[in-house]
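# Structural characterization, general
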Amino acid sequence: MAKYLISFPSAAMVVSEEELPAVSDASHAVVQEAKDAGVWVFGGGIDGSIPPVMVDGDGTVSEGTYPQTKQLEGGYAVLELPSYDAALEWAAKIAVACRCAQEVRAFGYDPAS
């Protein structure tokens, strides 16, 4: 089975304050469904209150990010699934729950992981 990243940027999820509890409940229900199905690996949202840092091989820590990941934020789920089509089906479920389209990406296979 392959692992898939299903994600969206924070700005894509446009919901009113009144809708937020329903969206939260719906997204938690999809997460529980994925856990019950045994396909959930990991998920969550990037905590924007903690700034990203870069850590060099010698342990030196510096503020900032790679330029191409400066805007990395949003919600992420990693699922282990039997096919790309299954990933698309789960992405549709998450899209309904979160009220926004989802990106789907496949992780490269690594037999050591």
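See the structure printed just above.
What you see as residue numbers is a count from 1 along each chain, following the sequence as written. Predicted model: local features are reported for residues with pLDDT of at least 70 only, side-chain atom pairs are reported and counted for 80 or more only, and whole-chain, interface and lining totals are derived from all residues. Each side-chain value is worked out from all heavy atoms of the structure, with water and hydrogens disregarded.

### Side note on the side chain of S7
Mapped onto the fold, S7 is located in strand β1 (residues 2–8). Working definition: with a 1.4 Å probe on protein chains only, accessible area under 20% of the residue-type maximum means buried, over 50% means exposed, and in between means partly exposed. When its relative accessible area of 4% is taken as the criterion, S7 is described as buried. Two residues qualify as a contact provided that any one of their heavy atoms is within 4.5 Å of a heavy atom in the partner residue. With sequence-adjacent residues up to four places away left out, S7 is seen in contact with G75, Y76, A101, Q102 and E103. Each helix is a run of DSSP H or I of at least 4 residues and each strand a run of E of at least 2, with the numbering of both proceeding from the N terminus.

### Here's the deal with a nonpolar patch on the surface
For patches, a residue must show more than 30% relative accessible area and have no salt bridge; joins then use 9 Å for like charges and 5 Å for nonpolar side chains, namely Val, Leu, Ile, Met, Phe, Trp and Tyr. Using a 1.4 Å probe, accessible areas were evaluated by the Shrake-Rupley method; residue-level cover was limited to the displayed protein chains. Any Lys or Arg side-chain nitrogen located within 4 Å of an Asp or Glu carboxyl oxygen qualifies as a salt bridge. Residues V53, V55 and V61 make up a contiguous nonpolar surface patch of about 270 Å² in total accessible area. Within the element layout of this structure, V61 appears in strand β4 (residues 61–63). For V61, a relative accessible area of 54% gives the class exposed.

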